[in-house]
Amino acid sequence: MNPIRNQIGTVFIPVSNIERARNWYCDILGLAADGEILFGHLFIVPMNGTGIVLDSKIFSVENIFKAPLFHFNTNNIESAYEYMKEKNVEIVTGIEHNQWFNFKDPDGNHLMVCKC
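Every value quoted in this text rests on a predicted model; they were computed, and no experiment measured them.

Another point: helix α2 (residues 77–86). If you check which residues of α2 are buried, you get Ile77, Ala80, Tyr81 and Met84. Angular distribution of buried residues about the axis of α2 spans 100 degrees; they occupy a single face of the element. Check the buried side of α2 and you find it contacts α1 (18–29), β4 (71–74), β5 (90–91), β6 (100–104) and β7 (110–115). Structurally, the start of α2 carries an N-cap: the backbone nitrogen of glutamate 78 is 3.2 Å from a side-chain oxygen of asparagine 76. Two residues or fewer past α2, asparagine 88 is found with a positive phi of approximately 60 degrees.

Quick look at the structure:
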């Protein structure tokens, strides 16, 4: 019996300003931005499945995601793309293969939306 499970618990995202990041991520995910900031530098984004923790303590330019480490799911890639454009999110790619696109958060972390 292996003591390490084949399961991802959470992904930590380095952010420079925890309040701004909480508000931005909650806004694009349609969540209330009223959750507690823990220890002055952590915010646990309420997610279904694998979790996301925003962490301002680990932020540095070197720690910014240069490529997406995960993707947000969508049922409608075209609608998701238009939604992000309306939110003035910096989109890095067009819709590729009618399946996915990349964008950046306010700190420059590269993220992805994928039709699943």
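Moving on: the side chain of histidine 110. When you line up the elements, histidine 110 lands in strand β7. Setting aside residues up to four positions removed in sequence, histidine 110 forms contacts with Phe65, Lys66, Ala67, Pro68, Val92, Phe103 and Lys104.

With that settled, consider the pattern of salt bridges. Following the criterion strictly, the structure yields four salt bridges and no others. Its salt-bridge partner being aspartate 107, residue arginine 20 comes within 3.0 Å of it at the nearest N-O pair. Remark: aspartate 107 occurs in the loop between β6 and β7 and arginine 20 occurs in helix α1; sequence separation between them is 87 residues. Of the charged contacts, one joins aspartate 27 and lysine 87 as a salt bridge, the two residues approaching to 2.9 Å between their closest N and O atoms. Of the two residues, aspartate 27 sits in helix α1 while lysine 87 sits in the loop between α2 and β5, which places them 60 residues apart along the sequence.

The rules we used
- Residues numbered from 1 in each chain as written.
- Predicted model: local features only at pLDDT ≥ 70, side-chain atom pairs only at ≥ 80, totals over all residues.
- Heavy atoms only, no water.
- Buried < 20%, exposed > 50% of the residue type's maximum accessible area, 1.4 Å probe, protein only.
- Helix = DSSP H or I, 4+ residues; strand = E, 2+ residues; numbered from the N terminus.
- Arc of directions from axis to C-beta.
- Contact = heavy atoms within 4.5 Å.
- Polar contact = N/O pair within 3.5 Å; in protein donor to acceptor, adjacent residues only side chain to side chain.
- Salt bridge = Lys/Arg side-chain N within 4 Å of Asp/Glu carboxyl O.

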